[in-house]
Amino acid sequence: YSAFKNCAYLPAVVLSPAIKTLNPGAFEDCISLEDIVFSENLTEIPYGAFRGCRGLETLHITHGIQQIREDAFADCVSLEYLTLSDSVTSIDHDAFDNCTDLKRVVLPTDMPDFGSTMIYESNNLEALYFRGPAPDPEYFPYYDPDDSVPIFGGSGSFDFCDPEPVVTLYYIEGQEGWTEPTWNGYPTKTWDGVVITDVREKDYFYTPVQWALKEGI
């Protein structure tokens, strides 16, 4: 547990395909962490695994990951862009709690089993990108059937923010149920469904041989 907790100068995590599981709190409070490359064989991000990683600005939950547990990315206060792959089927409550700078979220085609207040205290949210059909307006913004708390919840929800954020919903043309210029009171726009990942050429993403070839050594 908490194997690399408080590694304050760790800039990146690259998990090899040999990594199939992480322990809770594995990289908690790695405050300089900016980049994460997940193992293709990792299926779950456990409780608090990257909580408090304040340097993380962009996060791509890559294909293969199915479950994101409670507080997995809580208190990542610099996180602005979040992409959830189509493999994600379950996200626990408070998984992205207190990600106060979160602006844009790309959602899976088939909406996962969301926990209540999955995204909480995100008053800067600007856009949600949908790959599939329009959700049921009765349950948007995704109220948990057990306690009627919206996943984009609490003081950061669309309903309870003061002032309420203007969130634009992006959808792929041809998907059912969407309308323009608004849907269910929210402004809408189309997008092509192509996610541009933030690929950064940094030395720690290269093996020594790759780095030498890149540098012409």
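Residues numbered from 1 in each chain as written. Predicted model: local features only at pLDDT ≥ 70, side-chain atom pairs only at ≥ 80, totals over all residues. Heavy atoms only, no water.

### Some thoughts on the overall build of the protein
Each helix and strand counted, the protein has one helix and 16 strands in total. Looking at the protein residue by residue over its 217 residues, the buried ones come to 46%. Of the roughly 10,800 Å² that the protein leaves accessible, carbon and sulfur atoms contribute 49%. (Helix = DSSP H or I, 4+ residues; strand = E, 2+ residues; numbered from the N terminus. Buried < 20%, exposed > 50% of the residue type's maximum accessible area, 1.4 Å probe, protein only. Areas by Shrake-Rupley, 256 points an atom, 1.4 Å probe, with all protein chains shown as cover.)

### What about the packing of aromatic side chains?
Enumeration over the complete set of coordinates arrives at 10 aromatic pairs. Seen in terms of ring centroids, Phe27 and Phe50 are 5.3 Å apart; in terms of plane orientation they differ by 5 degrees. Their pairing is stacked. One end of the pair, Phe27, is in the loop between β1 (12-14) and β2 (35-37); the other, Phe50, is in the loop between β3 (44-45) and β4 (58-61), and 23 residues separate them in sequence. Owing to a relative accessible area of 0%, Phe50 belongs among the buried residues under this scheme. Among the aromatic residues, those joined into a cluster by ring pairs are Phe4, Phe27, Phe38, Phe50, Phe73 and Phe96. (Phe/Tyr/Trp six-rings, centres within 6.5 Å; stacked < 30°, edge-to-face > 60°.)

### Here's the deal with the pattern of salt bridges
Using the criterion set out here, one finds seven salt bridges in the structure. Of the charged contacts, one joins Arg51 and Glu28 as a salt bridge, the two residues approaching to 3.0 Å between their closest N and O atoms. On the criterion of sequence distance, the pair formed by Arg51 in the loop between β3 and β4 and Glu28 in the loop between β1 and β2 is long-range, its members being 23 residues apart. Each member of the pair Arg51 and Glu28 is classed as buried. (Salt bridge = Lys/Arg side-chain N within 4 Å of Asp/Glu carboxyl O.)

### A look at the nonpolar core
Counting 44 residues, the largest nonpolar core has Phe38, Phe50, Leu59, Ile61, Ile68, Phe73 and Phe96 as the members making the most contacts within it. Apart from the residues within four sequence positions on either side, Phe73 is in contact with Ile36, Phe38, Ile45, Phe50, Leu56, Leu59, Ile61, Ile68, Ala95, Phe96, Asp97 and Cys99. (Core = buried A, V, L, I, M, F, W, Y, C linked by side-chain atoms within 4.5 Å. Contact = heavy atoms within 4.5 Å.)

### Here we look at the confidence of the model for the protein
With 74% of its residues at a pLDDT of at least 70, the protein reaches an overall mean of 80. Averaged pLDDT values for the elements of the protein fall to 50 in helix α1 (residues 208-215) and rise to 97 in β3. Ignoring residues within four places in sequence, the model shows residues 154-163, a span with pLDDT below 50, making 28 contacts including any to other chains. (pLDDT = per-residue confidence, 0-100.)

### A closer look at the side chain of Ser85
Secondary-structure assignment places Ser85 in the loop between β6 (81-84) and β7 (90-91). Apart from residues no more than four positions distant in its own chain, Ser85 is found in contact with Ile61, Thr62, His63, Ile65, Pro108 and Arg131.

### Quick word on the environment of Lys20
Looking at the secondary structure, you find Lys20 in the loop between β1 and β2. Classification of Lys20 as exposed rests on a relative accessible area of 55%. Taking the C-alpha atoms as reference points, Lys20 and Leu42, 22 residues apart in sequence, are found 4.6 Å from one another.

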